[in-house]
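So the chains spell out like this:
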Amino acid sequence: MSVYIPAELRRRVRAHFLQRCAYCQSGEALAVVTFEVEHIQPSSLGGETEFENLCLACPTCNRHKANRVIGLTDEGAEARLFHPQRDSWLTHFDWSVNGTVIVGLTVIGIATVNLLRMNRLQLVEVRSLWAIVGKHPPN
Ligand SMILES: [Zn+2]
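A short tour of the structure in this document, coming up.

What counts and what doesn't
- Residues numbered from 1 in each chain as written.
- Predicted model: local features only at pLDDT ≥ 70, side-chain atom pairs only at ≥ 80, totals over all residues.
- Core = buried A, V, L, I, M, F, W, Y, C linked by C-beta atoms within 7 Å.
- Buried ≥ 20, exposed ≤ 12 C-beta atoms within 10 Å, placed from the backbone.
- Helix = DSSP H or I, 4+ residues; strand = E, 2+ residues; numbered from the N terminus.
- Contact = placed C-beta atoms within 7 Å.
- Pairing = 2+ DSSP bridges.

**Some thoughts on the nonpolar core**
Turning to step 1, where the next piece is worked out: Counting 26 residues, the largest nonpolar core has Cys 21, Tyr 23, Cys 24, Cys 55, Leu 56, Ala 57 and Cys 61 as its most contacted members.
Turning to step 2, where the next piece is worked out: If you list the elements that add at least two residues to this core, you get β2 (54-57) and α4 (107-116).
Turning to step 3, where the next piece is worked out: For this core, the element with the most residues is α4, which contributes six residues.
Turning to step 4, where the next piece is worked out: Not counting residues up to four positions away in its chain, the partners in contact with Tyr 23 are Ala 57, Cys 61, Phe 82, Thr 112, Leu 116 and Met 118.

Written out as structure tokens, the structure is:
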């Protein structure tokens, strides 16, 4: 379900997240797709269309997240997903030494990496190319 988000609110969210996916940190300028403003708490679960409940997401993270707020750890335990407006990315995630893989540091980070497939093969490959030209990881 798509909910109307006013243009000014979308602009504010894009600026707040520095035109990067709030989850996988990909830069929109490096991608060939337009990123989407998504509801962190899905509107189908009562999430409001307000700044505090919106983030910028690449289409793939957004598709994998869909209307979910819970993911699974590597051991199969449920954990809530990372909340880009309330949580700090660096508290829950880090980059591997070569910067191509996102490492979940907490159960929230691990569950989010797993559900959103933040280390999908194509993304790991393209991160290595972005790193070669000095565009990755973001700082
Ligand atoms: Zn993403």
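**Thoughts on the pairing of β2**
Turning to step 1, where the next piece is worked out: Residues Leu 54 and Leu 56 point to one face of β2 and Cys 55 and Ala 57 to the other, with burial holding for every one of them.
Turning to step 2, where the next piece is worked out: Here four bridges tie strand β1 (residues 36-39) to β2, and the two strands are oriented antiparallel to one another. If you follow Val 37 over to β2, its bridge partner there is Leu 56.

On their own, these measurements won't tell you what the molecule is for.
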